[in-house]
Amino acid sequence: MPMKGRFPIRRTLEYLQKGDIVFKNRVKIMTVNYNTHGELSEGARKFVFFNIPQIQYKNQWVQVMMFKNMTPSPFLKFYLDDGEQVLVDVEGKDHKHISDHVRKIVGKTEEVLQAEAQAKMQESNPANFGPRKYCLRECICEVDGQVPCPGTIALPKEMTGKYRTMMAAAQEE
Amino acid sequence: MFQVIGGRSVQAARVLAPRSAVLVEAVRGRKSRTDPVAKSKVGRIKVPPPVDPVEMVVLKERYGEYQMIMRALRLEFKEEMLRKRYEEDTGSLAEERARQEAQEHRVLMDFNHLENQRMLKLRIVRVQMEKEETDRKKFEVILQREQEQQEIVKEKEKEILKLQEDAKNFITLENLDQRIEEALDNPKNYNFAIDKQGKVVKQTMLQ
């Protein structure tokens, strides 16, 4: 299986999951204007090349658009859901600085992310039995060491309800 | 599939029917309207299973109670969920949180604004410098060109002067005879000798 592109590591799941910019719920659209040539756009180009895949992976419902060579200087623009637009000038900045700045302004903080992870863990209690969508297991018969499902393997006679009632009736007589 | 029947067909069927039954007849199931009844079912009158009234009363009561309890529980849980959702969306805590978030957002926007201003200043300075640079270069180029033109003019002038000087030595119709006389009187010897060391000897014998 050949590797595609110049830095195929950008296509790996591990790299994408390492991305730490999660936008706040208010951000709906992100737009990047940059130039393909020129020293001042270098940081923006690197940002688009390395960090945009991570951002899009973590924010699947945010629309991210790239515009090339439309303006003399590069910038980012965020469109929030109440119509507010946030402009970030990135001329001459390094891609690391750009991503830090973006995370500070528009991204969810560490504590918020952790609180959300906690809440998610609490909702999914492994002790719950139910539909596959919400719980790990549907029936106790799926667990190793428990009585297997009577639908597949017949229960021994002594454990069936009808045998037991029969014996109880016989004893009564 | 079976329907209760009443009317003229009832009298005939009642003779053969069992005692307590409600009369039912077959309704179209698998067979279409043109299919005849099966031979084994020709005189058959179907009857629902018998019901014990005492048992029915007891069962109805118990089922009623059970279903009431289940419905109550379900609604109870649903209400709890709705209340939790309502509290989260429009409760007092939610307002606090919203206010806090708005404030933090404003702070961050201000920070971003400052950053943009800083970049703007840097950019203005940079653009100014670049403009000055280009202006200077243009100026220099113009100067250079002017200098070159001046030099060309000077060279041309020099050539003209040289020509003027040479013109004094030209042979014209008036000088012709005089110059011929002079040339004949002074024979010039252009021959020279050179030895291996590079010494030039101009005095040779004229022939």
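How each quantity is defined
Residues numbered from 1 in each chain as written. Chains lettered and ligands numbered in written order. Predicted model: local features only at pLDDT ≥ 70, side-chain atom pairs only at ≥ 80, totals over all residues. Heavy atoms only, no water. Helix = DSSP H or I, 4+ residues; strand = E, 2+ residues; numbered from the N terminus. Buried < 20%, exposed > 50% of the residue type's maximum accessible area, 1.4 Å probe, protein only. Contact = heavy atoms within 4.5 Å. Areas by Shrake-Rupley, 256 points an atom, 1.4 Å probe, with all protein chains shown as cover. Pairing = 2+ DSSP bridges. Axes fitted to C-alpha atoms, helices over the stretch in contact; angles between N-to-C directions. Buried area = accessible area lost by both parts, 1.4 Å probe. Salt bridge = Lys/Arg side-chain N within 4 Å of Asp/Glu carboxyl O. Polar contact = N/O pair within 3.5 Å; in protein donor to acceptor, adjacent residues only side chain to side chain. Nonpolar A, V, L, I, M, F, W, Y, C, P; charged D, E, K, R; others polar. Core = buried A, V, L, I, M, F, W, Y, C linked by side-chain atoms within 4.5 Å. Patch = residues over 30% accessible without salt bridge, like charges linked within 9 Å, V, L, I, M, F, W, Y side chains within 5 Å. Disulfide = S-S within 2.5 Å. Phe/Tyr/Trp six-rings, centres within 6.5 Å; stacked < 30°, edge-to-face > 60°. Lys NZ or Arg CZ within 6 Å of the ring centre and 35° of its normal.

## Brief notes about the overall build of chain B
Here's step 1: Tallying secondary structure elements over chain B gives 4 helices and 4 strands in all.
Here's step 2: For chain B, the α and β elements follow one another from N to C terminus as β-α-β-α-α-α-β-β.
Here's step 3: For chain B, with 207 residues in total, the buried portion stands at 7%.
Here's step 4: When contacts within chain B are restricted to residue pairs at least 6 apart in sequence, long-range pairs at least 24 apart make up 26% of them.
Here's step 5: Summed over all atoms, the accessible surface of chain B reaches about 20,400 Å², with 57% contributed by carbon and sulfur.

## A short note on the sheet that holds strand S1 (residues 27-34) of chain A
Residues and elements named next belong to chain A.
Here's step 1: Read from one edge to the other, the open sheet built from 4 strands follows the order S2-S1-S3-S4, with strand pairing classed as mixed. Strands with a single pairing partner mark the edges of an open sheet, and in this sheet they are strand S2 (63-68) and strand S4 (85-89). Averaged over all pairs of adjacent strands, the angle between strand axes in this sheet comes to 15 degrees, irrespective of strand direction.
Here's step 2: Where S1 meets S2, 6 bridges bridge the pair, whose relative direction is parallel. Within the sheet, the bridge partner assigned to threonine 31 lies in S2 and is methionine 65.
Here's step 3: On top of the sheet, helix H2 (residues 42-58) reaches S1, S2 and strand S3 (75-80); it is set at about 160 degrees to S1, its chief contact.

## What to know about the interface of chain A and chain B
Here's step 1: Between chain A and chain B, the residue contacts involve 15 residues of the former and 10 residues of the latter.
Here's step 2: Each partner contributes to the roughly 1,200 Å² buried at the junction of chain A and chain B, and carbon and sulfur atoms together form 53% of this total.
Here's step 3: Across the chain A-chain B interface, the total number found is 4 salt bridges.
Here's step 4: In this structure, arginine 126 of chain B engages glutamate 91 of chain A in a salt bridge whose closest nitrogen and oxygen atoms are separated by 3.3 Å.
Here's step 5: Taken together, chain A and chain B are joined by 9 residue pairs in polar contact (both at pLDDT 80 or more).
Here's step 6: Looking at the side of chain A that touches chain B, the element that brings in the most residues is S4 of chain A, giving 4 residues.
Here's step 7: A per-class count over the side of chain A that touches chain B returns 6 nonpolar, 2 polar and 7 charged.

## Examining the nonpolar core
Residue and element names in this part refer to chain A.
Here's step 1: Ranked by internal contacts, the top residues of the largest apolar core, which has 24 residues, are Phe23, Met30, Leu76 and Phe78.
Here's step 2: For this core, the secondary structure elements donating two or more residues are S1, H2, S3, S4 and helix H3 (95-106).
Here's step 3: The element contributing the most residues to this core is H2, with 5 residues.
Here's step 4: When near neighbours in sequence (up to four residues on either side) are disregarded, methionine 30 contacts Phe23, Phe47, Ile52, Ile55, Val62, Gln63, Val64, Met65, Leu76, Lys77 and Phe78.

## What about a nonpolar patch on the surface?
Here's step 1: Together, Ile171, Leu173, Leu176, Ile180 and Leu184 of chain B make up an exposed nonpolar region whose accessible area comes to about 550 Å².
Here's step 2: Tracing the chain through its elements places isoleucine 171 of chain B in the loop between helix H3 (92-168) and helix H4 (176-185).

## Digging into the state of the cysteines
Disulfide: a covalent bond connecting the sulfur atoms of a pair of cysteines.
Here's step 1: In this structure the tally under the stated criterion is 0 disulfides over all chains.
Here's step 2: A disulfide-free cysteine, cysteine 139 of chain A has its sulfur positioned 3.4 Å from the sulfur of cysteine 141 of chain A, the nearest such atom.

## Let's talk about the pattern of salt bridges
Here's step 1: As enumerated under the stated definition, the model contains 19 salt bridges over all chains in all.
Here's step 2: In this structure, glutamate 42 of chain A and lysine 46 of chain A form a salt bridge, with 3.4 Å as the shortest nitrogen-oxygen distance. Taken together, the residues span about one helical turn, with glutamate 42 of chain A and lysine 46 of chain A both in helix H2 at a distance of 4 residues.
Here's step 3: As a salt-bridge pair, glutamate 115 of chain B and lysine 93 of chain A come within 3.5 Å of each other at their nearest N and O atoms. You can see glutamate 115 of chain B sitting in helix H3 and its partner lysine 93 of chain A sitting in the loop between S4 and H3, one on each of two chains. Across this residue pair, the class does not change: glutamate 115 of chain B and lysine 93 of chain A are buried.
Here's step 4: It is possible to trace a salt-bridge network through shared partners that takes in Asp20, Lys96, Asp100 and Arg103 of chain A.

## Comments concerning the packing of aromatic side chains
Two numbers describe a pair of aromatic rings. These are the distance of the centres and the angle of the planes.
Here's step 1: As enumerated under the stated definition, the model contains 4 aromatic pairs over all chains in all.
Here's step 2: Judged by centre distance (5.2 Å) and plane angle (85 degrees), the ring pair of phenylalanine 7 of chain A and phenylalanine 50 of chain A falls under edge-to-face. With phenylalanine 7 of chain A in the segment before helix H1 (13-17) and phenylalanine 50 of chain A in helix H2, this pair connects stretches of sequence that are 43 residues apart.
Here's step 3: Given a relative accessible area of 18%, phenylalanine 50 of chain A falls into the buried group.
Here's step 4: Members of the aromatic cluster, each reached through a chain of ring pairs, are Phe7, Phe49 and Phe50 of chain A.
Here's step 5: Sitting above the plane of the phenylalanine 49 of chain A ring, arginine 10 of chain A keeps its charged end 3.7 Å from the centroid.
Here's step 6: The ring of phenylalanine 111 of chain B carries lysine 104 of chain A above its face, with NZ or CZ at 3.8 Å from the centroid.

## Examining the side chain of lysine 108 of chain A
Residue and element names in this part refer to chain A.
Here's step 1: Here lysine 108 shows up in the loop between H3 and helix H4 (110-123).
Here's step 2: Classification of lysine 108 as buried rests on a relative accessible area of 14%.
Here's step 3: A polar side-chain atom of lysine 108 sits 3.4 Å from a polar atom in the side chain of asparagine 25.
Here's step 4: Those residues in contact with lysine 108 that lie beyond four places of it in its chain are Val22, Phe23, Lys24, Asn25, Leu113 and Glu116.

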